[in-house]
Amino acid sequence: MEKIIVRGGHRLSGTVEIEGAKNAVLPILAAAILPKKGRTVLTNVPILSDVYTMNNVIRFLNVEVGMDEKNKAIELDATGKLSYEAPFKYVSQMRASIVVLGPLLARLKHAKVAMPGGCAIGSRPIDLHLKGMEALGAKIEQHDGYIEATTTGLVGANIYLDFPSVGATQNIMMAATLAKGVTVIENVAREPEIVDLANVLNKMGANVKGAGTETIRIVGVEELHGVEHAIIQDRIEAGTFMVAAALTKGNVLIKDAIAEHNIPLISKLEEMGVLVQEEEKGIRVIGPKELKPIAIKTLPYPGFPTDMQPQVSVLQLVAHGTSLLTETVFENRFMHLEELRRMNADFKIEGNTVIIYGSAKLNGAQVAATDLRAAAALILAGLVARNITQVTQLKYLDRGYYKFHEKLASLGAEIKRIDDVVEKQDYRLMQHSRK
Ligand SMILES: CC(=O)N[C@H]1[C@@H](OP(=O)(O)OP(=O)(O)OC[C@H]2O[C@@H](n3ccc(=O)[nH]c3=O)[C@H](O)[C@@H]2O)O[C@H](CO)[C@@H](O)[C@@H]1O
Ligand SMILES: C=C(OP(=O)(O)O)C(=O)O
């Protein structure tokens, strides 16, 4: 079994580089289904297991996909005859695969996509995606664990989303690019990743306006063409390193991080006493001697991101005083805290709020990640825990972080990633280095 072993107590310092955003590249790979002409070349692509999974999904649909890991680029060609079915085998590995529904429907008038199901952070229905497709004129049937959508031709419509779902906004936006007439989607998600997708679609020849605001207006076009595009920086990876710096009383420059994408996080870090400076080369984060407690409530963008909630909960655990953490986006995103209890965390869950008692003297323990950001949170806790923390279930970490332990090690953390074969030897080495 692979695990990350970390010995706490080291201040992080130096410069760290951030990858392209997972949550931007995944829908953009789905968008590469749309162009009937030309190749699409994506750069600044993060090398993550989710990206390989999405590549497999669209390869199965007969899109040609060439991944160039060295240059962090992907070349895509969807000009051949495409297939309309995204099977369970791939969709079950990653919920985000549901965003192929809209592009397939737009391009082929037919899509059959396995139901993605929920995950460890809660039930994750897709009713808003389907409502949008139906409004555009698709007939939806659900059978044998699949959603089958057919249309004689999508037609623009006015759509109001009951909740600003990121995936539903992306799916409807992509479907509407090739629909006849005008589509207006209200109460849409406003995340930077939505804006990145809209930029790609517009480069492809679509007419999408308003991305980043509450209303998106799309005028359908006849066809789209391939483009070149560099994926935006990952604000959640950047945020995770900001937390690492704050937690370890460190001084870290997060290179090329975009402050505007992380305003709620930065403002909460400042409230805790962390110094956050925008510099020419990125964002510098300097941790204080003592963190102050804070109240946090997750919300759709531009509110505090749910994808930073587990990491920030570790700051709250060690802050001096009682903090509150309210999760409003997902119904079950506190599982990392139960693992952190093994490390001496003290908190009480009341509905969707956690009372975090703070001033924790975290102790190293063996803990297991339950999802992607839980994995990051447990490793962060290990950075400030006494003795050794061992984190397993790294498949979750690899979904969203590239060389996480190497980046932390380059900043001064005592951290290793090992498998069973070298485990005993490396573990002994770490024990030894302590003496
Ligand atoms: C690949 C990707 O970009 N993933 C992000 C995306 O996920 P994802 O697109 O799945 O998240 P959504 O914004 O759709 O989901 C947010 C909430 O809306 C609910 N909902 C969603 C769709 C729907 O049809 N019906 C419904 O009720 C979900 O159950 C959840 O409670 O946004 C989330 C919220 O910022 C992030 O945590 C994920 O990292
Ligand atoms: C929840 C996340 O991703 P996904 O929607 O892909 O599960 C995440 O990135 O934290």
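Values in this document were obtained by computation on a predicted structure and should not be read as measured data. (Residues numbered from 1 in each chain as written. Chains lettered and ligands numbered in written order. Predicted model: local features only at pLDDT ≥ 70, side-chain atom pairs only at ≥ 80, totals over all residues. Heavy atoms only, no water.)

Student: Even after reading the chapter, I still don't get the nonpolar core, so can you show me in this structure?
Tutor: Nonpolar side chains in soluble globular proteins generally cluster together in the buried interior. Formed by 81 residues in total, the largest nonpolar core has its most connected members in Leu29, Val51, Ile58, Leu76, Val100, Met173 and Leu201. Sequence-distant contacts of Leu76, that is, excluding residues within four places in its chain, are made with Leu29, Ala32, Arg39, Thr40, Leu42, Ile58, Val63, Glu64 and Val65. By size, the runner-up hydrophobic cluster in this structure holds 70 residues, among which are Ile18, Val285, Ile294 and Ala345. (Core = buried A, V, L, I, M, F, W, Y, C linked by side-chain atoms within 4.5 Å. Buried < 20%, exposed > 50% of the residue type's maximum accessible area, 1.4 Å probe, protein only. Contact = heavy atoms within 4.5 Å.)

Student: What am I meant to see in the UniProt feature "modified residue: 2-(S-cysteinyl)pyruvic acid O-phosphothioketal" (unreviewed entry) in the protein chain here?
Tutor: When the UniProt feature table is mapped onto this chain, "modified residue: 2-(S-cysteinyl)pyruvic acid O-phosphothioketal" (unreviewed entry) is found at Cys119. Mapped onto the fold, Cys119 is located in the loop between β7 (110–114) and α5 (127–135). Ignoring anything within four residues of it in the chain, the contact list for Cys119 reads Arg95 and Arg124. (UniProt positions renumbered as here; feature names shortened; annotations may be inferred. Helix = DSSP H or I, 4+ residues; strand = E, 2+ residues; numbered from the N terminus.)

Student: Just to check I follow, could you spell out the site of ligand 1 for this structure?
Tutor: Close contacts around ligand 1 come from 20 residues, with Asp127, Leu128, Ser165, Asp307 and Val329 the closest. At 3.3 Å, a backbone N or O of Pro125 approaches an oxygen atom of ligand 1. In this structure, Leu128 approaches ligand 1 through a main-chain N or O atom, which is 2.7 Å from an oxygen atom. Relative to its unbound accessible area of 740 Å², ligand 1 is 84% covered by the protein chains. Looking at the shell around ligand 1, the elements that each hand over two or more residues are α5 and α6 (166–176). Residues of the shell around ligand 1, tallied by class, amount to eight nonpolar, six polar and six charged. (Near = heavy atom within 4 Å. Polar contact = N/O pair within 3.5 Å; in protein donor to acceptor, adjacent residues only side chain to side chain. Areas by Shrake-Rupley, 256 points an atom, 1.4 Å probe, with all protein chains shown as cover. Nonpolar A, V, L, I, M, F, W, Y, C, P; charged D, E, K, R; others polar.)

Student: Can you help me understand the pairing of strand β16 (residues 275–279) in this one?
Tutor: The side chains of a regular strand alternate between the sheet's two faces. One ladder, built from five bridges, connects β16 with strand β17 (residues 282–286); its direction is antiparallel. The partner of Gln277 across the bridge, within β17, is Arg284. The turn joining β16 and β17, which pair antiparallel and follow one another in sequence, is formed by two residues. (Pairing = 2+ DSSP bridges.)

Student: What exactly am I supposed to notice about the sheet that holds strand β2 (residues 13–17) here?
Tutor: Sheets are built from strands paired through backbone hydrogen bonds, the pairs being either parallel or antiparallel. The strand order across the open sheet built from four strands is β2-β15-β17-β16, with neighbouring strands paired in mixed fashion. Of all strands in the sheet, those bounded by a partner on one side alone are β2 and β16. Going across the sheet, the axis of each strand differs from the next one's by a mean of 20°, ignoring polarity. (Axes fitted to C-alpha atoms, helices over the stretch in contact; angles between N-to-C directions.)

Student: Is there a simple way to explain the pattern of salt bridges in this structure?
Tutor: Oppositely charged side chains can form a pair if their charged atoms are brought close together. Inspection of every chain in the model, using the stated rule, returns 24 salt bridges. The salt bridge involving Arg399 is made with Asp50; its shortest N-O contact spans 2.8 Å. With Arg399 in helix α13 (residues 394–400) and Asp50 in helix α2 (residues 49–60), the pair connects residues that are 349 residues apart, well separated along the chain. Residue class for Arg399 comes out partly exposed when judged on its relative accessible area of 25%. Between Glu279 and Arg284 there is a salt bridge whose closest N-O contact spans 2.7 Å. A network of salt bridges, in which partner residues are shared, links Glu19, Lys72, Glu237 and Lys407. (Salt bridge = Lys/Arg side-chain N within 4 Å of Asp/Glu carboxyl O.)

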